[in-house]
Amino acid sequence: MKNPLLLVALCVLGLSACKKDHEDKPGSANTLTVSVNGKSYTSSSKDFVMFIDTITARSTDQVTNLAYEISGPMSGGQQVGLYINTVNGQLPAGEYTNTTDAENAMYWSETLNARDFYATTPQYGITINLTRSDSSFIEGTFSGKLAYTSDGTKTVELTSGQFKVDLKSPYIVHQRL
């Protein structure tokens, strides 16, 4: 997909989420945490169903790869999402940025299913660091600056982002688009 904003807009349409749990037991609870302009938010699978989408996408190197979307609604109705392009169909631990692959992206929405939201743009960097990626868990950190889709001069700063997704959790819905 050539347009990262279009890709992020498609991702916002589907609810998905990440999780944070300190136990490595299959089926454990999951969370996604982030600070947005200094205010902390948490998404938890105990409150709602979360999704991990694998979406077939064409990367900037013109190789067809799968991508993971991990997103979650916050208790106040906000939503954060991460979009990570795989490498040759694999999702190895390591650093993913929008400068190494323009299709790695993030978004932040003040309300669920918003038409306008904050998204990754070429002028601001984002980093998703996968510290663990195996058949049981995807875990890592993220940060970045995002611009408002209808007014690129408005920005938000995402810091201290953390996620741990238990791939065997009953709260995870796997879908392939």
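Up top is the structure.
Just so it is clear, the structure is predicted and the values come from calculations on it, not from any experiment.

S.K.: Requested: an account of the overall build of the protein, with residues and values cited.
M.R.: Regarding its fold elements, the protein presents 1 helix and 12 strands. Put simply, the protein runs from its N terminus to its C terminus through helices and strands in the order α-β-β-β-β-β-β-β-β-β-β-β-β. Looking at the protein as a whole, 49% of its 177 residues qualify as buried. Considering only intrachain contacts with a sequence separation of at least 6, the fraction spanning at least 24 residues in the protein is 62%. When the accessible area of the protein is evaluated, it comes to approximately 8,100 Å², of which 51% is carbon and sulfur surface.

S.K.: Give me the packing of aromatic side chains: which residues, what numbers.
M.R.: On inspection of all chains with the given rule, the structure shows 4 aromatic pairs. Lying across the ring of Tyr-148, Lys-154 places its NZ or CZ 4.3 Å from the centre. Its end group placed over the ring of Phe-137, Lys-164 keeps NZ or CZ at 4.8 Å from the ring centre.

S.K.: With reference to specific residues and values, describe unusual backbone geometry.
M.R.: Note on backbone geometry: most residues besides glycine have negative phi, and most peptide bonds are trans. With phi around 50 degrees, Asn-37 is a residue other than glycine that occupies positive phi space. The residue Asn-37 is located in the loop between β1 (31-36) and β2 (39-44) in this model. Judged by relative accessible area, Asn-37 falls into the exposed class, the value being 52%. In this structure, Ser-160 takes a positive phi of about 55 degrees despite not being glycine. Relative to the assigned elements, Ser-160 resides in strand β11 (residues 155-166). When its relative accessible area of 53% is taken as the criterion, Ser-160 is described as exposed.

S.K.: Lay out the nonpolar core in plain terms, naming residues and giving numbers.
M.R.: One finds Val-34, Trp-108, Ile-128, Phe-142, Leu-158 and Phe-163 to be the most contacted residues of the largest nonpolar core, which totals 26 residues. Broken down by secondary-structure element, the contributors of at least two residues to this core are β1, β5 (79-85), β7 (105-109), β9 (126-133), β10 (137-148) and β11. With residues up to four places along the chain from it excluded, the contact list for Ile-128 reads Leu-82, Tyr-83, Ile-84, Gly-94, Glu-95, Tyr-96, Ala-105, Met-106, Thr-141, Phe-142 and Phe-163.

S.K.: Which residues make up the pattern of salt bridges, and what are the values?
M.R.: Tallied over the entire structure, the rule returns 1 salt bridge. In this structure, Arg-132 and Asp-134 form a salt bridge, with 2.8 Å as the shortest nitrogen-oxygen distance.

S.K.: With reference to specific residues and values, describe the environment of Ser-43.
M.R.: Within the secondary structure, Ser-43 sits in strand β2. In this structure the C-alpha to C-alpha distance between Ser-43 and Thr-31, which are 12 residues apart in sequence, comes to 5.3 Å.

S.K.: Any chance you could break down the environment of Lys-168 for me, citing the residues and the numbers?
M.R.: Within the fold, Lys-168 resides in the loop between β11 and β12 (172-176). Remark: the alpha-carbon pair of Lys-168 and Ser-136, spanning 32 residues in sequence, is separated by 6.4 Å.

What counts, and where the lines are drawn
Residues numbered from 1 in each chain as written. Predicted model: local features only at pLDDT ≥ 70, side-chain atom pairs only at ≥ 80, totals over all residues. Heavy atoms only, no water. Helix = DSSP H or I, 4+ residues; strand = E, 2+ residues; numbered from the N terminus. Buried < 20%, exposed > 50% of the residue type's maximum accessible area, 1.4 Å probe, protein only. Contact = heavy atoms within 4.5 Å. Areas by Shrake-Rupley, 256 points an atom, 1.4 Å probe, with all protein chains shown as cover. Phe/Tyr/Trp six-rings, centres within 6.5 Å; stacked < 30°, edge-to-face > 60°. Lys NZ or Arg CZ within 6 Å of the ring centre and 35° of its normal. Core = buried A, V, L, I, M, F, W, Y, C linked by side-chain atoms within 4.5 Å. Salt bridge = Lys/Arg side-chain N within 4 Å of Asp/Glu carboxyl O.

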